[in-house]
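Results of the structural survey
Residue-level listing of the chains:
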Amino acid sequence: MDLLLQYLANGIVNGSNYVLVAVGLTLVFGILGVVNFAHGEFYMLGAYTGLILVINYGLPIWAALAGVLVVAVILGLGAEGLLNKMLKERDATSSIIASFGLAVVLQNSALIGFGPSPMLMQTKYSTIGVEMGPVYLPLQQLLIPVAMVALISVLYLVLRYTWTGRSLRAMAQHAVVARMCGVRVQRVAVITFIVSALLAGIAGFLMSSVYMVYPIIGNMIVLKAFTVVILGGMGNVAGAAAAGLLLGIVESLTSAYLGNGLRDIVGFVIVIAVLLLRPQGLFGRTFQRS
Amino acid sequence: MKKNLSLVILVLLLAAVPFLVQGSYIVSLLLLMLVYVILTTGLNLVTGFCGQFSFAQGAFFGIGAYTAGIMSRDLHTGFWVHLPAGMIITGLCGLLLGIPALRLKGHFLAIVTIAFQTIVYLGLVQWTSFTGGQNGLPVEPVGDVSLFGAHLFTIDGLRANYWLILTATVVLVVIAERLVKSRLGREWVAVRDDEVLASAIGLNATRAKLTAFVASAAFAGAAGVLMAHYMGNIAPDDYTIWISCTIVAMMIIGGKGSFYGPILGVALLTLLPEMLGDWARYRMLFFGVLLVLAIALMPEGIAGRVRKLRATKEAQA
């Protein structure tokens, strides 16, 4: 029983990471219809920026976080120009291929710039442990679910109660009608990409103390984030949050009880099953796609 | 007829390359291009002609290669058994992937094929007892070829493999061309252009899509077996989602749905990054930039652009 709780806690830490990455992806997909393969590179570059600032320049964590935010905004702006502005009115594969090209560019730049050897962020928080009953987590890992809940709540409130949020939701529902009602489509696109890059960059920064950072970490994380996006229903933020936590927990339990080798596969198997049986996702509602 | 003649000359020229150039660099580069020609031509059947997006060509490539590797380890069979076996097994896997494709379209289909691709890759990495994991598997060279007991020649080393793969490529490209022009191929095109209309006039859309998936996978399987026997060792990292994306990119940049476009795309994306010389360190970087530029500036691909230019010229004349 105690072990089960520990597995659940580990699953929630990993799941929170998936949520942060997947919510950005689902926003970009739901609002703009862009499938962004380079999303994992936002995560990777967020992690590297934080690492370099803390380790090489000795900056405090909050300053490094500010650096990560700046880099993420730049990446989001660039990606929007490339994948959305330039490729408007194209079919599904165009954005996939272009974002794949962008991912190759960013990954290889990181390889040339930072080298292939893995790095890990060590801070003074790494050694502080927190015990909650039978569950033990280092303070740094505990920060991840906390940050996730805070960020996703803010995002939810913004989407729900501000005009910017309303225009984002309007775009997701029907781009043409939203435009006729006076939504500034280009501005919405830029904001969506920036928010998406920010969330992924922060996730990478937070996880750089848990897992090793190397130039190709983005590959697996983006694929997993896609599974979360599908499970949660494309474009559904709350669904992605639930599905991300679920994936983290399922992975943790699979690796504990069924074998570590199955850990990474389980999500993809679930995705194929879900798409066959419930194409709108676990938490999605059916509606007509035009 | 003129077109056929020029193609025959092209093939003869390609066959003569090992005699004309020094060293192995150009021959091995051409060999790699030929393998990609088989892969993209296969993908073009399902995407270009039947309209179903697939990002799983790399997985089928891997399934073909591992069929050769696992059969030679467990059953001690040779290349001539592996080639048909690899094509049949990948064909069956193609059928398996084709079933969800019947219900899904666009982004959703693309993502299911991506999930399939990832499952296959992870399976190759994790199922160590069956696939050898990250260490991979050794594969024997094709070796002696004999007919009715008489020894003809030995296929070993770069040159012989090059000619073998060139022969296979020509045969498979001709098969693909015949397929597309057959009744089945026309059904694919009909389903691509308007599925509802195709069903309304009595075509079996289910059959069309499934056969397209099977054919496309079988091509990749053949490429996998050929490459496995040439390389002598197979490892999962040669069959990732990035290979699939590269194949899709080659097809799109060349021009999907045209027959020779994807072959041009292969040439462009393999040769240009090789021309960097001292800048070879930045090869992959350059490849990515090329990809983005090609998609942004030439959405219809090289073949589509040529077709368009020709059409405007005729309209003016």
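Here is what the cut-offs are and how they apply
Residues numbered from 1 in each chain as written. Chains lettered and ligands numbered in written order. Predicted model: local features only at pLDDT ≥ 70, side-chain atom pairs only at ≥ 80, totals over all residues. Heavy atoms only, no water. Helix = DSSP H or I, 4+ residues; strand = E, 2+ residues; numbered from the N terminus. Rg over C-alpha atoms; globule rule 2.2 N^0.38 Å. Buried < 20%, exposed > 50% of the residue type's maximum accessible area, 1.4 Å probe, protein only. Contact = heavy atoms within 4.5 Å. Areas by Shrake-Rupley, 256 points an atom, 1.4 Å probe, with all protein chains shown as cover. Lys, Arg positive; Asp, Glu negative; His and termini not counted. Charge placed at Lys NZ, Arg CZ, Asp CG, Glu CD. Salt bridge = Lys/Arg side-chain N within 4 Å of Asp/Glu carboxyl O. Arc of directions from axis to C-beta. Phe/Tyr/Trp six-rings, centres within 6.5 Å; stacked < 30°, edge-to-face > 60°. Axes fitted to C-alpha atoms, helices over the stretch in contact; angles between N-to-C directions. Parallel < 35°, antiparallel > 145°, perpendicular 65-115°, else oblique. Nonpolar A, V, L, I, M, F, W, Y, C, P; charged D, E, K, R; others polar. Core = buried A, V, L, I, M, F, W, Y, C linked by side-chain atoms within 4.5 Å. pLDDT = per-residue confidence, 0-100. Buried area = accessible area lost by both parts, 1.4 Å probe. Polar contact = N/O pair within 3.5 Å; in protein donor to acceptor, adjacent residues only side chain to side chain. Patch = residues over 30% accessible without salt bridge, like charges linked within 9 Å, V, L, I, M, F, W, Y side chains within 5 Å. Pairing = 2+ DSSP bridges. Expected span 1.5 Å × (residues − 1).

With that settled, the discussion passes to the overall build of chain B. In terms of helices and strands, chain B carries 14 helices and 4 strands. For 317 residues, the compact-globule estimate of 2.2 N^0.38 gives 20 Å, and the C-alpha radius of gyration of chain B, at 20 Å, lies within 12% of that figure. Expressed as lengths along the three principal axes of its C-alpha atoms, the size of chain B is roughly 55 × 45 × 45 Å. Taken over 317 residues, chain B has a buried fraction of 53%. Sequence-distant contacts in chain B: of pairs separated by 6 or more residues, those separated by 24 or more amount to 74%. Counting every atom, chain B has about 14,600 Å² of accessible surface; 68% of that belongs to carbon and sulfur. In chain B, the 21 positive side-chain charges and the 15 negative ones have mean positions that sit 11 Å from each other.

Turning to the overall build of chain A, a few remarks are in order. The secondary structure content of chain A amounts to 11 helices and 2 strands. In chain A, the succession of α and β elements from N to C terminus is α-α-α-α-β-β-α-α-α-α-α-α-α. Relative to the globule expectation of 19 Å for 290 residues, the C-alpha radius of gyration of chain A, 19 Å, shows essentially globular dimensions. Dimensions along the principal axes, computed over C-alpha positions, put chain A at roughly 55 × 45 × 35 Å.

Our next topic: the pattern of salt bridges. Evaluation of the coordinates by the stated rule reveals 9 salt bridges over all chains. Taking the shortest distance from any N to any O, the salt bridge between B:Arg183 and B:Glu187 comes out at 3.3 Å. On the criterion of helical spacing, the pair formed by B:Arg183 and B:Glu187 is a turn pair, its members being 4 residues apart in helix H8 (residues 183-193). A network of salt bridges, in which partner residues are shared, links A:Lys224, A:Glu251, A:Arg263 and A:Asp264.

Turning to helix H6 (residues 163-173) of chain A, a few remarks are in order. Residues and elements named next belong to chain A. Listed as buried for H6 are Gly-165, Ser-167, Leu-168 and Met-171. Viewed along the axis of H6, the buried residues span an arc of 165 degrees, placing them on a single side of the element. Away from the buried face of H6 by more than 90 degrees, exposed residues Trp-163 and Gln-173 are located. Summarising the contacts, the buried residues of H6 are in contact with helix H1 (2-32), helix H5 (139-161), helix H7 (175-180) and helix H8 (185-207).

The geometry of two aromatic rings is summed up by the distance between their centres and the angle between their planes. Residues and elements named next belong to chain A. Counted under the stated rule, the structure contains 13 aromatic pairs over all chains. Plain terms: the ring middles of Tyr-7 and Tyr-257 are 5.6 Å apart, the flat faces sit at 85 degrees to each other, and that makes the pair edge-to-face. You can see Tyr-7 sitting in helix H1 and its partner Tyr-257 sitting in helix H10 (residues 237-257), a full 250 residues away along the chain. Pairing Phe-37 with Phe-226 gives two aromatic rings, centres 5.6 Å apart and planes at 55 degrees, and the pair type is tilted. Note that Phe-37 is positioned in the loop between H1 and helix H2 (39-56) and Phe-226 in helix H9 (residues 217-232), a separation of 189 residues in sequence. Residues Phe-37 and Phe-226 agree in their burial class; the two are buried.

All names here are of chain B. Two elements in contact, helix H2 (residues 25-49) and helix H11 (residues 241-254), have axes separated by 9 Å at closest approach and are oriented at 75 degrees. Relative to H11, the element H2 lies roughly perpendicular. Seen from H2, the contacting residues are Tyr-36, Leu-39, Thr-40, Leu-43, Asn-44 and Thr-47; seen from H11, they are Ile-243, Ile-247, Val-248, Met-250 and Met-251. Class assignment of the residues belonging to the contact of H2 with H11 gives a composition of 8 nonpolar, 3 polar and no charged.

It is worth spelling out the nonpolar core at this point. Membership of the largest hydrophobic core comes to 189 residues, with the highest contact counts inside it found for B:Phe60 and B:Phe116. Once you skip the residues sitting within four places of it in the chain, B:Phe116 turns out to touch A:Ile272, B:Ala56, B:Ala59, B:Phe60, B:Ile63, B:Cys93 and B:Leu97.

On to the confidence of the model for chain B, then. Across chain B, the average pLDDT comes to 84, with 96% of residues at 70 or higher. Confidence scores differ between elements of chain B, with strand S3 (residues 150-155) of chain B showing the lowest mean pLDDT of 66 and helix H10 (residues 205-231) of chain B the highest of 91.

It is worth spelling out unusual backbone geometry at this point. What you tend to see is this: most non-glycine residues have negative phi, and most peptide bonds are trans. In this structure, B:His76 takes a positive phi of about 55 degrees despite not being glycine. Of note, B:His76 is situated in the loop between helix H3 (57-74) and helix H4 (79-101).

Moving on, we get to the interface of chain A and chain B. How big an interface is tends to be stated in terms of the accessible area lost upon association of its parts. The interface of chain A with chain B comprises 42 residues on the first partner and 39 residues on the second. When chain A packs against chain B, the two sides together hide about 3,700 Å² of surface, and 84% of this comes from carbon and sulfur. Remark: the boundary between chain A and chain B carries 0 salt bridges. Applying the counting criterion to the chain A and chain B interface returns 0 residue pairs in polar contact (both at pLDDT 80 or more). Of all the secondary-structure elements, those providing two or more residues to the side of chain A that touches chain B are helix H4 (92-114), H9 and helix H11 (263-277) of chain A. In terms of residues, the side of chain A that touches chain B owes the most to one element, H4(A), which gives 16 residues. In terms of residue class, the side of chain A that touches chain B is made up of 29 nonpolar, 9 polar and 4 charged.

This part covers the side chain of B:Ser72. Residues and elements named next belong to chain B. For Ser-72, the position within the fold is in helix H3. With a relative accessible area of 14%, Ser-72 lands in the buried category. Among all residues touching Ser-72, those that are not within four sequence positions of it are Thr-77, His-82 and Pro-138.

This part is about a nonpolar patch on the surface. Residue and element names in this part refer to chain B. Nonpolar side chains collect at one region of the surface, where Leu-5, Ile-9, Leu-13, Phe-19 and Leu-20 lie side by side and expose about 560 Å² of accessible area between them. Locating Leu-5 in the fold gives a position in helix H1 (residues 2-20). Looking at Leu-5, the relative accessible area reads 54%, which means it is exposed.

This paragraph deals with the side chain of A:Ser208. Residue and element names in this part refer to chain A. Considering the arrangement of structural elements, one finds Ser-208 in the loop between H8 and H9. A polar contact is formed between the side chain of Ser-208 and the backbone oxygen of Phe-205, at a distance of 2.6 Å. Residues within four places of Ser-208 in sequence aside, it is in contact with Ala-47, Leu-51, Leu-120, Met-121 and Val-213.

A separate point is the packing of H11(B) against helix H14 (residues 301-316) of chain B. Residues and elements named next belong to chain B. For the pair H11 and H14, the least separation of the axes is 3 Å and the interaxial angle reads 5 degrees. With respect to their mutual orientation, H11 and H14 come out roughly parallel. Every residue of H14 that contacts H11 at Ile-252, Ile-253 and Gly-254 is listed here: Gly-301, Ile-302 and Ala-303. Per-class residue counts for the contact of H11 with H14 are 4 nonpolar, 2 polar and no charged.

Moving on to the pairing of strand S2 (residues 135-138) of chain A. Note: strand S1 (residues 129-132) of chain A against S2(A), 4 bridges, orientation antiparallel. Bridge pairing links A:Val130 to A:Leu137 in S2(A).

Residues and elements named next belong to chain B. Helix length check: helix H12 (residues 261-274) (14 residues) gives 20 Å between terminal C-alpha atoms against 20 Å at 1.5 Å per residue, within 8%. Every buried residue of H12 is listed here: Gly-261, Pro-262, Gly-265, Val-266, Ala-267, Leu-269, Thr-270 and Pro-273. The inward-facing, buried residues of H12 contact H2, H11, helix H13 (283-297) and H14.

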